[in-house]
Every structure is written in structure tokens, then in C-alpha cells.
2 protein chains.
Amino acid sequence: MTKKYVYLFREGGREMRDLLGGKGANLAEMTNIGLSVPFGFTITTEVCREYYAGGEELPAGLWEQVAPAVADVERASGKKFGDAQNPLLVSVRSGAPVSMPGMMDTILNLGLNDETAAGLARATENPRFAYDCYRRFIQMFGNVVLGIESHHFEYVLDDVKNERGAAYDSDLTADNLKEIVEKFKAIIRRETGRDFPANPHDQLREAVTAVFRSWNNQRAGVYRKANGIADDIGTAVNVQSMVFGNMGADSGTGVAFTRDPSTGERVLYGEFLMNAQGEDVVAGTRTPKPISTLKEENPAVYAQFTEIADNLEKHYHDMQDIEFTIERGRLFILQTRNGKCTAAAAIRIAVELCREGLITKKEAVSKIDPAQLDQLLHRRIDDKAKLDVIAKGLPASPGAASGKIVFDADVAERRGNDGEKVILVRMETTPDDIHGVLAAQGILTSRGGMTSHAAVVARHMGKPAVCGCEALKISYAEHKFTVDGAVFAEGDEISVDGATGWVMRGIIPMVDPELSAEFLAILDWADDIRSMEVMANADTPADAMKARSFGAAGIGLCRTEHMFMDQKRLPIVQEMILANDAAERAPFLAQLLVMQEEDFYGILKAMAGLPVTIRLLDPPLHEFLPSIEDLTEEIVRLRLRADSETREAQQELYKKENILKRVRALHEENPMLGHRGCRLGISFPDIYAMQARAIFQAAARLIKENINALPQVKIPLVVHYKELEILRAQTEDVANQVMREQGVTINYKVGTMIEIPRAALTADEIALHADFFSFGTNDLTQTTFGFSRDDAEGKFLPVYLDDGILPHNPFAVLDPEGVGKIMGICVDLARKTKPDFKIGICGEHGGDPSSIDLCQQLRLNYISCSPFRVPIARLGAAQSFLKEQKKTK
Amino acid sequence: MTKKYVYLFREGGREMRDLLGGKGANLAEMTNIGLSVPFGFTITTEVCREYYAGGEELPAGLWEQVAPAVADVERASGKKFGDAQNPLLVSVRSGAPVSMPGMMDTILNLGLNDETAAGLARATENPRFAYDCYRRFIQMFGNVVLGIESHHFEYVLDDVKNERGAAYDSDLTADNLKEIVEKFKAIIRRETGRDFPANPHDQLREAVTAVFRSWNNQRAGVYRKANGIADDIGTAVNVQSMVFGNMGADSGTGVAFTRDPSTGERVLYGEFLMNAQGEDVVAGTRTPKPISTLKEENPAVYAQFTEIADNLEKHYHDMQDIEFTIERGRLFILQTRNGKCTAAAAIRIAVELCREGLITKKEAVSKIDPAQLDQLLHRRIDDKAKLDVIAKGLPASPGAASGKIVFDADVAERRGNDGEKVILVRMETTPDDIHGVLAAQGILTSRGGMTSHAAVVARHMGKPAVCGCEALKISYAEHKFTVDGAVFAEGDEISVDGATGWVMRGIIPMVDPELSAEFLAILDWADDIRSMEVMANADTPADAMKARSFGAAGIGLCRTEHMFMDQKRLPIVQEMILANDAAERAPFLAQLLVMQEEDFYGILKAMAGLPVTIRLLDPPLHEFLPSIEDLTEEIVRLRLRADSETREAQQELYKKENILKRVRALHEENPMLGHRGCRLGISFPDIYAMQARAIFQAAARLIKENINALPQVKIPLVVHYKELEILRAQTEDVANQVMREQGVTINYKVGTMIEIPRAALTADEIALHADFFSFGTNDLTQTTFGFSRDDAEGKFLPVYLDDGILPHNPFAVLDPEGVGKIMGICVDLARKTKPDFKIGICGEHGGDPSSIDLCQQLRLNYISCSPFRVPIARLGAAQSFLKEQKKTK
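In this text, all values refer to a predicted model and were calculated from it rather than measured experimentally.

Colleague: Would you take a moment to explain the packing of helix 13 (residues 343-355) of chain A against helix 19 (residues 517-529) of chain A for this structure?
Modeller: How two helices sit against one another is set out by the angle between their axes and by the gap between those axes. All names here are of chain A. Two elements in contact, helix 13 and helix 19, have axes whose closest approach is 9 Å; the angle formed by their N-to-C orientations is 65°. The angle between helix 13 and helix 19 places the two elements in the roughly perpendicular class. In this structure, helix 13 crosses over helix 19, and the sense of that crossing is left-handed. Contacts between helix 13 and helix 19 involve Ile 347, Arg 348, Ala 350, Val 351, Cys 354 and Arg 355 from the former and Glu 518, Phe 519, Ala 521, Ile 522 and Trp 525 from the latter. Looking at the contact of helix 13 with helix 19 residue by residue, the class counts come to eight nonpolar, no polar and three charged.

Colleague: Help me understand the pairing of strand 10 (residues 330-338) of chain B in this model?
Modeller: Across a regular strand the side chains alternate sides, sitting on one face of the sheet and then on the other. All names here are of chain B. Pairing analysis gives eight bridges linking strand 9 (residues 320-327) to strand 10, with the strands arranged antiparallel. The partner of Asp 321 across the bridge, within strand 10, is Arg 337. In textbook terms, the turn of a hairpin is the stretch between consecutive antiparallel strands, and for strand 9 and strand 10 this stretch comprises two residues, one of which, Arg 328, has a positive phi near 50°.

Colleague: In this structure, what is going on with the side chain of Arg585(A)? I would like to understand it.
Modeller: The topology assignment puts Arg585(A) in helix 23 (residues 582-606). Arg585(A) has contacts with Met576(A), Ala579(A), Phe684(A) and Asp686(A), leaving out every residue within four places of it along the chain.

Colleague: What am I meant to see in helix 24 (residues 628-640) of chain B here?
Modeller: Because the α-helix completes a turn every 3.6 residues, residues three or four places apart line up on one side. For helix 24 of chain B, spanning 13 residues, the distance from its first C-alpha to its last is 18 Å, which sits close to the expected 18 Å at 1.5 Å a residue. All of the buried residues along helix 24 of chain B are Ile628(B), Leu631(B), Thr632(B), Ile635(B), Val636(B) and Leu638(B). An end-on view of helix 24 of chain B places all buried positions within 160° of arc, on one side of the element. Those residues of helix 24 of chain B that are buried lie in contact with helix 24 (628-640) of chain A together with helix 25 (647-666) of chain B. Between the side-chain oxygen at the start of helix 24 of chain B and the backbone nitrogen of Asp630(B) there is a gap of 3.1 Å, and the oxygen is on Ser627(B).

Colleague: It is not clear to me how the relation of the copies chain A and chain B should be interpreted in this structure. Could you clarify?
Modeller: What relates the pair of chain copies is a rotation about an axis plus a shift along that axis. Each copy of the sequence occupies a distinct position, and chain A is placed on chain B by a rotation of 178° and an axial shift of 0.3 Å, giving an RMSD of 0.6 Å. Both copies of the chain, as the preceding transformation shows, are related through a two-fold rotation axis. Within chain A, the C-alpha atom positioned nearest to the axis of rotation is that of Asn670(A), 1.8 Å from it. Looking at chain A, 100% of its interface residues are interface residues in chain B too, so the copies touch through the same face.

Colleague: Explain the interface of chain A and chain B here, please?
Modeller: How large an interface is tends to be reported as the accessible area lost when its parts come together. Listed per partner, the contact involves 58 residues of chain A and 58 residues of chain B. A combined buried area of about 5,000 Å² lies between chain A and chain B, and 61% of that area is made up of carbon and sulfur atoms. Remark: the boundary between chain A and chain B carries four salt bridges. Ionic pairing is found between Asp815(A) and Arg758(B), a salt bridge with its closest N-O pair at 2.8 Å. Summed over the shared surface of chain A and chain B, the number is 28 residue pairs in polar contact (both at pLDDT 80 or more).

What counts, and at which threshold
- Residues numbered from 1 in each chain as written.
- Chains lettered and ligands numbered in written order.
- Predicted model: local features only at pLDDT ≥ 70, side-chain atom pairs only at ≥ 80, totals over all residues.
- Heavy atoms only, no water.
- Axes fitted to C-alpha atoms, helices over the stretch in contact; angles between N-to-C directions.
- Helix = DSSP H or I, 4+ residues; strand = E, 2+ residues; numbered from the N terminus.
- Parallel < 35°, antiparallel > 145°, perpendicular 65-115°, else oblique.
- Left-handed = near helix turned anticlockwise from the far one by under 90°.
- Contact = heavy atoms within 4.5 Å.
- Nonpolar A, V, L, I, M, F, W, Y, C, P; charged D, E, K, R; others polar.
- Pairing = 2+ DSSP bridges.
- Expected span 1.5 Å × (residues − 1).
- Buried < 20%, exposed > 50% of the residue type's maximum accessible area, 1.4 Å probe, protein only.
- Arc of directions from axis to C-beta.
- Polar contact = N/O pair within 3.5 Å; in protein donor to acceptor, adjacent residues only side chain to side chain.
- Least-squares fit on C-alpha atoms with pLDDT ≥ 70 in both.
- Buried area = accessible area lost by both parts, 1.4 Å probe.
- Salt bridge = Lys/Arg side-chain N within 4 Å of Asp/Glu carboxyl O.

By themselves, these figures tell us nothing about what the structure is for.
Now the structure itself:
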């Protein structure tokens, strides 16, 4: 028996992708579910393989199968190859099992010759259209099938345009085009020594061969190599009847969504044009009409279309984006696919599809792209607002904000505290600007990328930010910036939109983020599905409240160093650091104790009944002191000053030199790997003891007020179980003291960060001394890669991403092969010691969906992310759970 | 049947340690091999356990076994408890299965009373001795057994001394001592209400009980806790006849080694005194005679002793250190143990013991302590030299050196190149001083510890160094240092001894290190045993030669950055770095190419026929540039200078500012985790390409000269296989070009360092692109621990070591739990990809014996260490192999 080389669309199905290619399988699927797809057939990928195996010859017996398939198409469409009254025209397209967009060749309008072109002109009452199709077909055929270079045709086209005084192709008349057709035929004669083939069957045979040949053209080869696609899978060829929406008043074309893609409402949404082709809709020369008016213009077709739309949603379980053409009253579906829509619409559609019984809750949850949700969780510009965009930067942190320009963090803080709304405008921000960022409505920088300090901090704080807006020329000295000649002074009003990167003049009306009923429903369903808890990273009561309102199950990471950076406290912190020993430190620690107790009181109160995980001091102490560079400069200045001999100058000098000496003593070559985290706790037990006391005193106060405070102390940067053993014992001592003093019982836990490879590698021992682990994936990525984040992102990481050495920035997306592997080792070791041991992650990765997938694979118990990403993480965790469930089935 | 509670020495053996304790088992062993050990017996540890189980009562039936044992001792020794003519005196000592030196109680001379003391006085013709023994015994018994505090006895002693005008105990006469004995007995009566027990059997019973009681005294309990010794193993009690070397002219005492402990020569070596006790030898009141003279004084005893010495060596398979006493012509062996000796002697003894057939080659190799060999591998001070030591610092790098004082690396280099011998004296050294260290004979610093820059570099280069010599007050400005008031100026001659830390005035005669024939033999045997190859880390032809002469199988690590630091090259390197792009870099790279080719030519030539592994540029580029701090200071100075408005000043300022800008751009927060290693190779392919070309051109030249050059290119700091894939391809391209240009074939390999956790965790993928791996354990320790070595050793590591959080500095001794574990993961993954894959380590750990053990456990193929430690590593590798073999048996 001969092999089956050719499948009519009605003989295939979507499961036959390998044999029929993606497009062929899809056309077959649509045909089989009863859509009126233009008739056609697919020549299999096997033919392509045999074509190459046989020395670039079509296999024997192929045409014996193609001819009847053509006949079938003729029969079904009522058209005929070469028929001058009702000519059958076809498209011939490639279609591999893996999508390779634009890499291979396509021929349209095959079947045209002098007779059929004339027939098409008559049928469409549009000779210009018919001859334009004809000349395009000859040019395409000449180029693709016969290998004649395009410029031969282009020259002729230009010549005729010049002769006829036509500026554009569209200025050419039908007669001009007929002239061009003749000249094109002459080119083919001249270049190939034979006539353009008028017989459509000949045209088809040559076109099919050309498409198979294009599988091995250079660009397709390069594309396959770059995308890891095997060279021997081959392409199928689809031959499909062309249909025309411009064959008179009973013809037309359009595009429609089965639901409104901006709101998700269940109405047909789209537009159409009668007596027109798809290009007319796109070109904008005629204004399309809303799809709803089709109901009056052609109730039968409209009824047919709405029924199709319904069936398509039922078949594909999703909102569909449908292209259709009506040819002489007959409706054809050219394409259908899952429709793209706004995040709000996606959520509403998923919820309604579920309620309509088309999909399950699990499917609804799986449908939403968590990354898209970001836009729903921030204030945004009112759609109706008029915008005066003055510049565009990088959309660094979503949300929009308006306020008065300030150029200095201190000013921002002062004015912000006075109740003014300000936008902090800086060339770039540094950790010294944190208080300004906190007080501002939004951030605008002229330098730095998506991972610059400003961007990272703003995203963490949920502040809108536009970064790297290079058009801005900032002069701090003159308190102004200029952009395109316009000058903006301190106090002028601007707005920024961190979703688009726009900078706008004036105050723009905003709308608040709303968690719609559907959004809340989806999150509810997600909560029912997921196994991982979602916590938030929050350092202030305000952040904690936000996190709680977004559904966080607690605080997974409360950093205490931001509290130390507060402008009112920094001088005390500095005195504490400059002290020579514990006795000298004591009075400053006593002052800090009072302040920290208030910090923790606020956060524990905001999260009453939920756990609050507080990390003890982590960064190296010199981060709180002025830089060596600044001090050196000051000292040299003081020494060289005219009045340097006065007693005051000498005293000042002496003081600065002393500070410099201490800063130098604290200076580290690699602070990231230096004296920080629990190493500080070991060296300066009094600092950690003060923090522990502040936590437990705050908790005790709340408990006496009948508020359920659940503090968890987290020790950072442990590498050896003995560090934790010692610091846990100290923490417990302090807790016992406070409980005794206050006469209350505090329900607390002590755990540790796992952020250094050695900790992960010895997790079995460390787990003995911990109630929980929390992966600090930022530090763990730094040490596992040997990448300093600050240095990598500014120096070599961009090259690594450009060159494809790394697929992602590992600080944004967890690296599964390296960091993920060592996390897995840690989880296995820890659970060997304590089978139900609680392990989670905190850090920016906690809000990234693919990182959440990895956490699920690693069987973590919770993820903790910034408050604004909590809903995303809730959804992401549910999706990850479903993916894992699917895998293990 | 009653339990056996008491073992005569001849009933025990060394395998009965648990029951008889260490001392008891040893005494039994010596007795059984025919030594004339003073007779005695052991009461078992079981009795101790029953003593405590029974509420601190000796078990019933014990004394029924002790009495016959005492009778046996009486019989054998011909002495009798309480006999006035020939009294039996015994010692009663503790002896647990695990050594607990000094923690429990001992009673000597038990058996003395008024009669036996008089008898002893007669027998020794030394009444003073006899009554001194007697008063000591009463005091000891009173204190230990009866619990009377010592001061009661001390007061009496002091009173008598005052009354009799005796300054020291030794001034007391026999009569004085008799008086004291009576007063001591009175104390006992007064404090306990009973008489001092005169009956030796009563004395013995009480003493045995006291020793068991001392198992649980406070200091023993603390000791057991600190050393992890179980509380319930208990101690044995040894009762042994006392012998006296002072019983007349036919008595004596001495100590002897079976071989000369300083040379290892096979002669009896030691000294003795006739008619004396051990204390007399130690006190130095009489001058002992060489053991050889015993031959004439008492040929029979001498013959007996030499026979015993021979037998002991045969029995213990090692040189013995023997204590003996002759009592009335009868030889007793009191103690024998393996003798301590110099490294040279240890080697000779091991070799000769082997040749004498007493031990196997494996045993000989196992006997040598590799750490001790260090002293043999460096020039050292002639033993006969007179020394004028002016100060003492830390013995930072072994070996001794003399030369003229210089205070500056440049001066050191200039004078050194002129052939002068200089000692570089600095407060501390920095990487900028490398050329001075290289040119100096030795290094002396006034600051910094064993792991300071100077110490590490000096050890690596095999230069003698004394560090942290704080007595030195150095004034760079005046080119001098003072120490204890003495002034030393530049050009004055001093010597340093890095083995002792001594700094000496003047030039001291030195002796060269010699690898003795026996040393070479041991190394030969070690080579036959070990499975790991030993390579060397060497950056210069001179180091390479040294490594080769010490038996290195090749160069495991040749660093190229020291070559860049050379003073002649640094300006070119700086220009290269300051260039803006590859085009600007090209001319400087061309200059460096010529120089690097010479570097590699020299090293490859020195190692002809052996592989030379060259690591491409590793450190961040800003290490080659001046510091931001220095530049800032210079710029502020220039700005504030009186003539700052002149054109020259402006130009200078402009230049400095430009450099500062570039240095700032290259500045990194954490250079250790920054833009270095292969990240430079990816960013600046032209730099790595230049180095590869220099290597292959050098190799090609040598091959044309018929010299077998075997270069291996090592890519540093790989974290992802794609880095290696790209850089390997580039290296191969360069190799192919050079081979084509030169018309030769170069036998080369390309491998990578594994020094970042991610590389270890993805070793299966990386191994696909590598011919070998080399663990960079310094960097791997840094990233696995998250410790910056520079910062850790100066800041928190000392606290960690003091507090016992870490057992060792992990940069000196490989951490098996963390770093070792990830190395093991790496080895397993790599060998999954390529079963015979070659993996080694390079770095300081390669010369540390316990780290070598770990490498053997991890089944590494080679270790690479500094040239001077190659012999140590050869021996260490053999010992590690034997240890592993023993384990797996």
C-alpha cells in the first residue's frame, strides 16, 4: 500500500502536529469542529523528509494523491482551477511541527493567469484589485519558485510609476497594473528562458517543491540552530482555497473577540467591513463598523457567526480572537486563537468561564498570567486623562504618581512629612536616599537601569519609578532639570507612570487599584489550591497593613537595618559603632532599645495573630558611617585651609581623623563576605541582645493589651551550627528574662537564614538548632555564583545576558541548576533531621512566578515577597502547585 | 566464680587497655616481653565502676585478691611490706583507658613507717634521703588520702626551716627531717583524731580507695567534659614496687635513647648516674655520665641494657626512649616509649629501621610527621653560630636569611638586582611590594600575623619571614628602626630566622638545606605508595626549577598576574586598562605579548617534558591601578595648590581626574565577587587571546628547539559551562592559528578552576568542555563560607577560632563538612560525565597534610602546592593513601 502523503483538512486533527505541522493540524481541527474553514489539504512532513532523502525530488506517487485532493477542493468550493467565471485560487504555505515564523516561503493567489485574472476582476468588480493580485503572484512566484532576484521586478515597478507619475503603488490604475503584468512575464522569460506557467496545476507543483526547498534555506537553518530545532523534522505544505471578502455587497471581512478584551464582558467585540479584504481593515482607508451592526446588515451571517463563536469558546475553553471572511454570503473562518486581553479582562473571563461551567476553578486559576497582575495592584493614570508627556524612561516600578519636583532626599523627607506630595528626581539614588524615597510619591532618575538601586528599592517599596530617563539634564546646583529645552524647577508639578516609563507635565488624575470581585474570587480559589503559604517582606507598620490587606499570612522578613538608617537615629547608631567597647556602647544601645521597641510594637500590632519574622542586624557596620573617600577629601581640605592653624580647625581635624581611623579599621575589601550578619552578633553580643530585648518587650506589651503578638527571630548569615547554637541560647536568655520581668508568656520561634552555601551543605546540623529556615536567595545567589550583585549588574552581567551565557538575571529569576540545586540539598538535609521542618524563601525572587515554581518543586512551605506582590505570589503558588501535580501524575 | 579484680603485671597485656587502663596495660606489656619492670599489679577499672555503683565502697572480695598479689610482689622482689632490713615500698597510681595527665592522685613510697624508714636509711647509707621520703609520704598521704589541706604541713616545714636557719628544703639535715616527721604525725592526729597508719597494708587499702575517689574530683570531671571522655569508664589503680638507684655504688639511674635523637645514628644515646635517683639527674647537682661509660663501670648491666634496648626496638618497631634504674646491681626498666627526635633523625631512623627489617617501607613512610619536614627544606642557622638576638616576632615563613636592611620595595629590587643581599623591613607589605619581596633574602614586618600579606607571600615564595615583630619602631622617613633603644639604619646588617621568629644583629653563618640520602629514600618509597600526583605552584623559571628539583610532576598553577605586577610592565598594563576599547588596547597588548611569551618560554623550558598549567588573568583590573583614596587626595591637593591656576597644574589635574574617573568606573563593592577571572575573558576577549597566543608561541619556539613543551591552559572562575565553551573555543582558535603559522603541533590541554559553588554544582556540564579540573580551594572556601579571607582574618575569624566555633582557620586547613562536601559533589558529577576525569587542587591547602587526607578521600588525582612544600606533599600524599587503604580494609 502506498503511503498517505496528503490529508484533506477534514481527515486531520490537532493531535497530528508531527505529521501535518502546526498550521495543518490547526486547520484540520477547525474543520472538524464544523467551522467553515476555506477548503484545502496538507502535504505531510514525511514528504519533506523523503524530498531531501531522495536528492531533492518529490516522492513518486505524491501527485497521484494531490490531484484528487485538488479535485475535492474544487468540488467543495464550487470553484475550479483555471475557470474564468469562478476560478479556484489557493495559498501554498509551509507549516512545521515547531513554529518558525517567517523563516520559510509562502505563495498566495496561486491559480491566476490571464483568464482567471479577468474573471476575478469581474467577480469583484474591482479590476485594480484583480491585477494587483496577479502582478503580486507573478512577482512572488518568480522570486520564490523561480529564484529571480526581487530587484528585477522592483525596477520595472519603479519605472512604470515614474512614467505614469504615480507616487505610490496605490496610485497605479488597473491598466498600469496590466502593463506591469506583461513586463513581469517578460522578465521571467528573459531570466529563465521559459514562459510563466499559466496552468494552475503546473504552478502548484512548482510552488510545493519551492516550499519544501525553503526548509533548508540559510535563515531557516540558522533559526533552527539558534532554537535547538532538529534539522530532520521537516515541514508540511498547506494548500488552501483563497476566499475574497471583496466580491460584492454580500461579501466582507472582519475580526472579532468572543468577549470584550478590555473589560472581559461577555459580548461579541470586533469590527468588520463589507465588500472589503483584510488589508482594507488594517489600512484605515475605510472605517470598519462594530460587529454588532452586522446583525442588521446580515442577520443570517451574524447568527451563524455568534453560534460559531459560542462553539469555539466551548471547544477551546477560552475567549477566542477570530478572523473571518464572507464570500458571496458564505462565512469562512480563517483563524481562531485564544484572545489576548487586559489583566482585568483576563480575570473576569476566567471567573465567568468557570461559572459558565466551561472550565474548572483549577483551570481558571491556571489561565491568569501572574506577571500581568502587577498593573492591577498600583494606582494608575485615569484612562480619560489628557497627558502631556515630556520624556520617556524605563518603566522601573509600576504605578503612577504626581507631585512637586524635589532634588534632595532630605528636602523630600521634610516636605513629605509636611504633607506635600513630592517626586524625588535624582541622577541616581544611593542607600543614603532611602528616607527621601520613602517620603516621595514617586521616583525619577536620569541614569541607571531596571536593576539600579532606585529601581530595586522602589519596586520593593511599591513606589512608582521611572529610571534611566536620559533626556533629563539635571542640575542639582540650580535646582532644576531641562528636557528638550523646557525647564522644570524645584516645586514644579510633574507625574510619572512606572508602568509605561512616561514623565508628564502637571498633576494627572489617577484611579486607585481595586481588587475586583472576580480578582478576589480567583485569589480565593488559588488559596484553596496552593500548598505554600504566602508571607510578605515589610519593615514598617504601613507596609505590614498593606501586606495584610493583600492576604499575606504573616511577615516573612522584617529588616531592622532600614530602621537604623532613619535620619533621627543614624547619629546614635554612629556613636554606638564608634564606641571602643561594650561599656561605651551601652548608653547608645539603651537609646536604640527604646526606638526599636516602638518599631516592633507597631509591626507586631499590625499583624496581630500572624507571625512576624524579624531578622537581626545584617549589614556591615561601616554602611552606617561616612565613606573613606568623603572623609579623606574633608581632611585634606581642613589641612590646606588658610586658617588651618587655628584651634577650632585643629580640633575639627582631630575629630575627623579619629573617625577616619575607625572607618578605616572597619573598612572591608569585600563587605558582602565580611563582618556582617551573625558575625556581628558573635563579635558584639550586646547589639543582638538589645534587638532581642526590643522584640520581646514589644511583644510583652501587646500581650498585656490582649493582642496576640507572634514574634519570630531570624539570625542572618549562619555558616556553622555553632553560630546559631550560641545566638539562639542568647536570644532564649533574653526572652526568659523579659517574660520573667513582665510576667507573660511569649509564643516565639528562633530560626535562621540560609544564604551561604556552607549553611545549605550542613543544613542537617543547623536544623537541630532552628525552628525554621528562610532562604535568603539574594545572598545565596551571590555566593553560589560568586557574583556581587552590585558589581555584576553594573559590569559583566549585561554582557552575559546579551551573549546568552545566562538565560536570565539570576537575581530576578532563581537559577534552578546552581542555586536551586543547593537549595534542594539543603531541604533534603534539613528534613532528614526534622521531617516536617518549615522552610521558605524571602527576597525579590519570592514574587517571581518561575522562581515560585522552583520553590514548589523544592517542597518549600512558604514564600515571602514585597507586599505589592502578595496577590501575584498567591496566584503563582497555586499555579506552581498545579504544575507539580500534573508532573507527578 | 568471683570476678578477677586484680591482675599481676605478667597476667596483662597491651590489648587490655579498657580493663587495666593505659599505664597498667603498658606495664604488663613491658613485663611480658621480658623486661625487668619493678614488680606490681593492677586493680581493674571494673573495680572503679563497682566502687561508684556501690556507694563509694570497694567491692566485697577485692582484698582477698589484693593480698595474694602483694605477697607475689614480695616474693618476686625479695622485699617485704614492713621489713626493717629490706622493706617493700610501692607506688599507687591511677591509670584510665584514656590518658588524663595529672588529673587524678598518686601516692609514692607507700610502706614507710618508723622501722622501714630506718631500714631505708641504712640500705641507702643516706638517712637524709630516707627521712625526706618518709616526710613526703606522710604529707602526701595526709593530703591525698586523709584530705588534710597542704598548708598545715607547709607551715610546719617553714617553721623548722626558720628555726634551723635553713633557706631551702635541701638545707635540712636528716635530724631536722626526723623532727618534721614527728610534727607531721601530730598534725594527722590533730586533724583526723587518729594516728598515722603504720601498717603498710592499711596504708595500701586507704591509698587505693583515695585513687578511685580521685576519678570524680572536680578537675578530672572538667577535663573529661572538655575532652569528651565518658564519665563511666573509670580508672584502674597500679600498685608497683619502688626501686632505688641510690642504694650504693652498685645502684644508679639513667635515661637512654636507642638511637641518637639528633642524627638518628644507631648508637645508645643517653646518660646515667651511679648511686643516684632520677631527681639527681634532673636537678643538675651532679653531672651525669654518657651511657657508653656504663660499659666499663658495669659491663654486665650494660650488656643487659643493650640487649633490652634491642628487644624494645624490635617489639615497638621504633626508636625507644627508656628510663631505667639499677638497684643493687639489678636493672629495672621504669618506662619506655617511642622517642622524639629531629626531623633529620626521624627520617634516618625510619629508613634504617626499614633496612634492618623491623618495619616495612609503608610503615617507614607513615612514621614521619610531614609538618616536621619544613625545617629541612630551608636554609637554616648553623648550630655552631653565636647569635645576638635583638627581637622576636612571629615565625611566619621558615628559613633563615642575612642581609642589609632596606625599607622600600623599589630599593630592595634595585640593590637586589645589583647582587646585594637585602632584608626588606616594612611595617607591613602590600601587593605593591611583591617585586621587593622577590628581590630580598628575607622579610621582616612590625605588624601583621601569621596570615598577613607578608607571611602568605613569603611562604608561597619560600622566603624566610618574621612578621608582627612589634618591638621594632620603624621610621620610613628617617630610614631606620629602633628596638630597645638600639638604632638600625638602612644598610646595617641583620639576620632573621623564620623558624623561630628571631631577629639578630649582623650576618650569621647558615647551612644549606640538604635532602639527605635517607630523605630521598623515604620520598622514593612515598612516591611508590601514593596515588595522587604532586605538582607545584610556580610563577617563575626559578621557582619551577626548585619545584622540579624537589620532585614536582609539573606545574599545577602558574599565575600570570604577578607577571603583570612587574614594575617595568605595570605602566603598560595600566595603559592597557585605561584604554577605551579593543582598538586602543591593541598596541599595549602587543607589547605585553612579547613579554608574556618570554615568561612562558622560561617556565615551559624549565619544566620540559612535564605539564605546565597556566591560569589566565584572574584578578579584577583595578588591582593594577592606583587607589581611589590616593587619587582623591592628590586631586584635592592639586586643586588647592597656590599655583593651581597655571596651565601645567590644570593639565596635571585633568589627567588625574580622568584616571580617577576610570578607576571609579572599575571600582567594585566586592571585587572578590566582581569583574575578574573568566568574566574578564568574556568582556575583553583580546586580553585572554593575547595570553593564549603568548603561551602557544612560547611552546612552538621550544618545540622547534626540540624541547618538549606541554602547556595546559586553565580558565579561572567559571560558574557556567557556556563560559568555558566560549573561552575554550577561542583558545583552540588561537592554538590552531599559532600551529599553522609555526608549522608545529602543540600537545596542549584546556581546563578550568573550580572555585565557585555553582561550578561544583554543575560540574557534570562543565566537565564536558574541560580536560581537567583544578579546585581553587582559597576562593572556594571564600564563597562556600561567605568569608572574604582578607576581611575574615583581620576581623571576625580570630573570635571564631578563640570561641571554638571553627576548629581551624579554613584557609589553612580544608573544611571537610562544607568545602569538602561540595568538592565531593563536584567530583561525583564530573566523573559521571567522564569516569576518568582528572581533578586536583592548587593553593595553600595543597601543602597541608590534613587537607591532603581530604583530597585523597575525595579521590583527587593531584595536589599542587608551593615548591618548598612539594616533598611534604609527596610524603603527605603517601600517608593519606595508606590511611584510606586502612579505612577501606
